[in-house]
Amino acid sequence: MKHIHHIAITVLVASTVLQSCGSSRAEEEERKKAAAEASAEAPAVDAFPLKKEQLASDIQIPGELIAFQHVDIYAKVSSFVKKLHVDVGTEVREGQLLATMEAPEITSQLVTSESRLKSFEAIYQASKANYERLLETSKTPGTVSQNDLDVALAKQRSDLAQLDAARSASREITDTRNYLEIRAPFSGIISARNVSTGAYVGPSGKGSEFPLFTLVEQRKLRLVVSVPEQYTSYLKNQSQVSFKVKSLPNQQFPARVSRLAGALDTRLRSQRTEMDVINSDRKLLPGMIAEVTIPLAGDANTFAVPRSAVLNSTQGTYVIKVVDRRAVWVPVKTGSSSSDKTEIFGDVKEGDVLVKVANEEIRDNSDLKNVKQADI
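Residues numbered from 1 in each chain as written. Predicted model: local features only at pLDDT ≥ 70, side-chain atom pairs only at ≥ 80, totals over all residues. Heavy atoms only, no water.

Going by what an unreviewed UniProt entry lists, the chain is known as Efflux transporter, RND family, MFP subunit and is assigned to Dyadobacter fermentans. One UniProt comment on the chain, placed under Sequence similarities (unreviewed entry), says "Belongs to the membrane fusion protein (MFP) (TC 8.A.1) family." (UniProt positions renumbered as here; feature names shortened; annotations may be inferred.)

A. How the structure looks around the packing of helix α2 (residues 104-137) against helix α3 (residues 146-178). Contact geometry of α2 with α3 gives a least axis separation of 8 Å together with a crossing angle of 160°. Compared by their axis directions, α2 and α3 come out roughly antiparallel. Regarding α2 and α3, the two cross each other, and that crossing is left-handed. Considered class by class, the residues forming the contact of α2 with α3 number 16 nonpolar, nine polar and eight charged. (Axes fitted to C-alpha atoms, helices over the stretch in contact; angles between N-to-C directions. Helix = DSSP H or I, 4+ residues; strand = E, 2+ residues; numbered from the N terminus. Parallel < 35°, antiparallel > 145°, perpendicular 65-115°, else oblique. Left-handed = near helix turned anticlockwise from the far one by under 90°. Nonpolar A, V, L, I, M, F, W, Y, C, P; charged D, E, K, R; others polar.)

B. Just the sheet that holds strand β10 (residues 213-216), in detail. The strand order β3-β10-β8-β5 describes an open sheet built from four strands, whose pairing is antiparallel. In this open sheet, the two edge strands, each paired with only one partner strand, are β3 (70-73) and β5 (91-92). When strand β8 (residues 188-193) meets β10, the two strands line up antiparallel, connected through four bridges. From the neighbouring strand, A192 faces β10, where its bridge partner is T214. (Pairing = 2+ DSSP bridges.)

C. How the structure looks around the environment of Q238. Position of Q238 among the secondary structure elements: in the loop between β11 (220-228) and β12 (240-245). Expressed as a C-alpha distance, the spacing of Q238 and M275, which sit 37 residues apart in the sequence, is 8.7 Å. Setting aside residues up to four positions removed in sequence, Q238 forms contacts with R256 and V257. (Contact = heavy atoms within 4.5 Å.)

D. Layout of α2. Counted at 1.5 Å a residue, the expected span for α2 with its 34 residues is 50 Å, and the 50 Å between its end C-alpha atoms agrees. If you check which residues of α2 are buried, you get I106, L110, S113, L117, F120, Y124, S127 and Y131. Buried-residue contacts for α2 involve α3. (Expected span 1.5 Å × (residues − 1). Buried < 20%, exposed > 50% of the residue type's maximum accessible area, 1.4 Å probe, protein only.)

As structure tokens, then:
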């Protein structure tokens, strides 16, 4: 009986051990199966290898079209408008007569100056002839004293000086009379007329509050743009840009950078940049607002990533790097951007694997169970 009892105990222990081993194996298999199911159910995380590339983009900046030359024309002397030869919209050439003025007092001054000039010319001719006769006579010894000869020479020089002064005064009055004819300083178009025939005009603030005419050059324009500080390095002399205007939305116009201010505006922190625009067909008008497209050619040695790969959180700007199937937040700074990519600068190198769509749900140092890597 003791032997039978011992055998029964041995069988019971062996059965318990076998049952325990089977249970452990089953639990291990269930754990593995659950882990596989969890990995399969985890959302896929798209990733891509980082590589260097040149990012080409552009920016749109508002600009203004202004006349290449613009001038307000005033009367030089106080006078009356005798006749107007042009009106608003008249296209004129350089030197063309715009208006004729009249000032009777200037005409009188001119007549007086011409009379004085003729008088001094006669006096000078007489003193000159007198000196020449004395000089010729003095060649005979004892006929003319040296003192008389010196006095005659001094009189001739004095009369010559007075003649020169009279000539200068006459030229001054003649030049003043010439100002009674208002002529175009350059070719352009009359954009404003503020007087009528018979009006009393004069220099600015002396009879004329407004100019007689406003003349603008229309066949050549200036496109003026204030370029923000961060984009000034992209523009140099002769850089090509393009622009559009609201009146011709389907037409794009080319322009080249002609002048750079070379300094930033202290208020706007931008650089004044001017482009020359040839406007032979006169489709464009001075004063138009233009939308200027400036190309931004990036550096070929920078990293450009999809915009979705950059995470802008309350703590800063990051990209999420995949390291041993774990998420690592890497702080970066962004550069220029295009429609779908942006430049990044930070502790990253070529070949690093980054998450394509970064979001705050992917926590720092969290496990990434289902990573799908693709090239971009």
